[in-house]
Amino acid sequence: MQNPITASVGERGVNHAQDVGIVQYLLNRANAKRGVPKAQIDVDRIVGPQTLNALKEFQTKFCKTVDGIVNPNSETLTMLHQIAGNVPRANDGVAFLKPEIGPTRIA
């Protein structure tokens, strides 16, 4: 998996800031490519109502389970990566990029 997370993100999750940023970034890529979630979210590394709503909206459309949480090696994370497409490895402290459909460059 190109951008693994180390712990759960979402409702009742561990919510490490770096992992949250990766999930937020992937949700924004899914928005840019498939229109789900319906709106871009702030990549602020905080699990708030905006992130939870986007996550549940994504799960409703693409996953069997809608629980508002992303676990390492879960169906939700797999689908986020599949839909986001080829993105640079973000778990290096630079995960807070605007999503682009074309090639993404980390400076």
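Bear in mind that the values here come from a model prediction, so they are computed numbers and not experimental data.

Draft legend 1. Seen up close, the packing of aromatic side chains. Tallying each qualifying case throughout the model produces one aromatic pair. When the centroid spacing of 5.0 Å and the interplanar angle of 40° are considered together, the rings of F58 and F62 count as tilted. Pair noted here: F58 and F62 are both in helix α2 (residues 49-62), with a separation of four residues, about one helical turn. Residue F62 is classed as buried on the basis of its relative accessible area of 16%.

Draft legend 2. Geometry of the nonpolar core. Counting residues in each nonpolar core, the largest one holds 23 residues, and the members touching the most others are I5, V23, L26, L27, F58, F62 and V70. Elements supplying a minimum of two residues to this core: α1 (17-34), α2 and α3 (75-84). It is α1 that contributes the most residues to this core, seven residues altogether.

Draft legend 3. Molecular detail of the side chain of N31. Mapped onto the secondary structure, N31 falls in helix α1. A polar atom in the side chain of N31 sits 2.7 Å from the backbone oxygen of P37. Leave out the neighbours within four places in its chain, and N31 touches V36, P37, K38, A39 and Q40.

Draft legend 4. Summary view of the pattern of salt bridges. Tallying each qualifying case throughout the model produces two salt bridges. In this structure, R12 engages E11 in a salt bridge whose closest nitrogen and oxygen atoms are separated by 3.7 Å. We classify R12 as exposed; its relative accessible area is 71%. For E11, the salt bridge identified is with K56, shortest N-O distance 3.1 Å. You can see E11 sitting in the loop between β1 (9-10) and α1 and its partner K56 sitting in helix α2, a full 45 residues away along the chain. One salt-bridge network, held together by shared partners, links E11, R12 and K56.

Draft legend 5. The arrangement of the side chain of S74 in detail. Relative to the assigned elements, S74 resides in the loop between β2 (69-70) and α3. Its relative accessible area of 14% is what places S74 among the buried residues. Here N71 takes part through its backbone oxygen, which lies 2.7 Å from a polar atom of the side chain of S74. A polar contact is formed between the side chain of S74 and the backbone nitrogen of L77, at a distance of 3.2 Å.

Draft legend 6. Here's a closer look at unusual backbone geometry. P37 follows V36 through a cis peptide bond whose omega is 0°. Positive phi is not limited to glycine here, since R12 has a value of about 60°. Along the chain, the position of R12 falls in the loop between β1 and α1.

Cut-offs used in this document
Per chain, residues are indexed from 1 in the order of the written sequence. With pLDDT at 70 or above as the cut-off, local features in this predicted model cover only qualifying residues; side-chain atom pairs require 80 or more to be listed or tallied, and sums for whole chains, interfaces and linings still use all residues. Side-chain numbers come from the whole structure's heavy atoms, not from hydrogens or water. For this analysis, a ring pair means two rings from Phe, Tyr or Trp (six-membered ring only for Trp) whose centres lie within 6.5 Å, classed as stacked if their planes differ by under 30 degrees, edge-to-face if by over 60, and tilted for the remaining angles. In this description a helix means any DSSP run of H or I spanning at least four residues, a strand means any run of E spanning at least two, and both kinds are numbered starting from the N terminus. Per-residue accessibility, obtained with a 1.4 Å probe over protein chains only, is compared with the maximum for each type, and a residue is labelled buried under 20%, exposed over 50%, and partly exposed between these values. Joining through side-chain atoms within 4.5 Å is the link that ties buried Ala, Val, Leu, Ile, Met, Phe, Trp, Tyr and Cys residues into a set, and such a set is a nonpolar core. The term polar contact refers here to a pair of N or O atoms within 3.5 Å; inside protein, the definition further demands a hydrogen-donor-capable atom paired with an acceptor-capable atom, and it admits residues adjacent in sequence only when both atoms are side-chain atoms. Contact criterion: two residues are considered in contact whenever any of their non-hydrogen atoms come within 4.5 Å of each other. When a carboxyl oxygen of Asp or Glu is within 4 Å of a side-chain nitrogen of Lys or Arg, the pair counts as a salt bridge.

This is a description of form; function is not addressed.
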